[in-house]
Amino acid sequence: NFAPNWGGRYLTSNVDIYDNGVQKPFSDRYAYYQTKMGIRIMSFAFIFNFTGNSNATVVTPVGTAVQQSWFKEQASRQDIDLFVISGHITLRQSTEWNLIYTAIRQYHPTTPIQIFGGHRHIRDAVAWDASAVGTAAGRYCETVGWTSIDGLPSNVTRAKSPQGSGT
């Protein structure tokens, strides 16, 4: 009952749960939304390749998740101005973030990607390329900051589309 209480604002892209013996996504796997200024955002949220979970859950390895049809379908959409991805994954020397980054770049070579990571409990920042960066807030989110992103459309005048998310 946890994830539904967030009304589509809780994402877990690679975690399933058993509900009465049936495996299903723990929450929505992605969210697509548009800001008041018309910026179209695709969001995902991952956990590292965790193996200490209970037998009531399934953590799909990130490399497998980014090859699944739901991920490919959403990542390949052409109506995306920005990817915002969060994850319980360390930023530095991360196989998981590299897999996610590579999977997105296959469809969007220059679209900005903002990653919010964490797992090591340190403040950190990593740049994959000029349009893809990751930040980590440190121990227990001790750091509050801001992010500035270049490469987004300015003065967008497109009509706002309805919010959508997916399981």
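Here's a quick rundown of the structure. (Residues numbered from 1 in each chain as written. Predicted model: local features only at pLDDT ≥ 70, side-chain atom pairs only at ≥ 80, totals over all residues. Heavy atoms only, no water.)

### Digging into the layout of surface pockets
Here is step 1 of the chain: Here the largest pocket is characterised by a volume of approximately 500 Å³.
Here is step 2 of the chain: Lining the largest pocket are 23 residues, with Gly117, Thr135, Ala136, Ala137 and Gly138 positioned closest to its centre.
Here is step 3 of the chain: Contributing elements (two or more residues each) for the lining of the largest pocket: β6 (82-88), β7 (113-117) and β9 (132-137).
Here is step 4 of the chain: Per-element accounting of the lining of the largest pocket gives the leading share, three residues, to β9. (1 Å grid on protein atoms, 1.4 Å probe; cavity = no way out; pocket = protein on both sides within 12 Å on 5 of 7 lines; lining within 4 Å. Points joined across faces, edges and corners; volume = space filled by probe spheres on them. Helix = DSSP H or I, 4+ residues; strand = E, 2+ residues; numbered from the N terminus.)

### Quick look at the packing of aromatic side chains
Here is step 1 of the chain: All chains considered together, the criterion is met by 10 aromatic pairs.
Here is step 2 of the chain: A ring pair is formed by Phe44 and Phe71, whose centres lie 4.7 Å apart and whose planes are at 40°; its orientation type is tilted. Of this pair, Phe44 sits in strand β4 (residues 40-47) while Phe71 sits in helix α2 (residues 69-75), and the two are 27 residues apart along the sequence.
Here is step 3 of the chain: Judged by relative accessible area, which is 1%, Phe44 ranks as buried.
Here is step 4 of the chain: Arranged with centres 6.3 Å apart and planes meeting at 25°, the rings of Tyr101 and Trp128 form a pair that is stacked. Of this pair, Tyr101 sits in helix α3 (residues 95-105) while Trp128 sits in strand β8 (residues 123-129), and the two are 27 residues apart along the sequence.
Here is step 5 of the chain: Here Trp128 falls in the buried class, since its relative accessible area comes to 18%.
Here is step 6 of the chain: One aromatic cluster is present, built from ring pairs that chain together Tyr30, Phe44, Phe46, Trp70, Phe71 and Phe83.
Here is step 7 of the chain: The ring of Tyr32 has Arg77 lying over it, and the distance from NZ or CZ to the ring centre is 3.9 Å. (Phe/Tyr/Trp six-rings, centres within 6.5 Å; stacked < 30°, edge-to-face > 60°. Buried < 20%, exposed > 50% of the residue type's maximum accessible area, 1.4 Å probe, protein only. Lys NZ or Arg CZ within 6 Å of the ring centre and 35° of its normal.)

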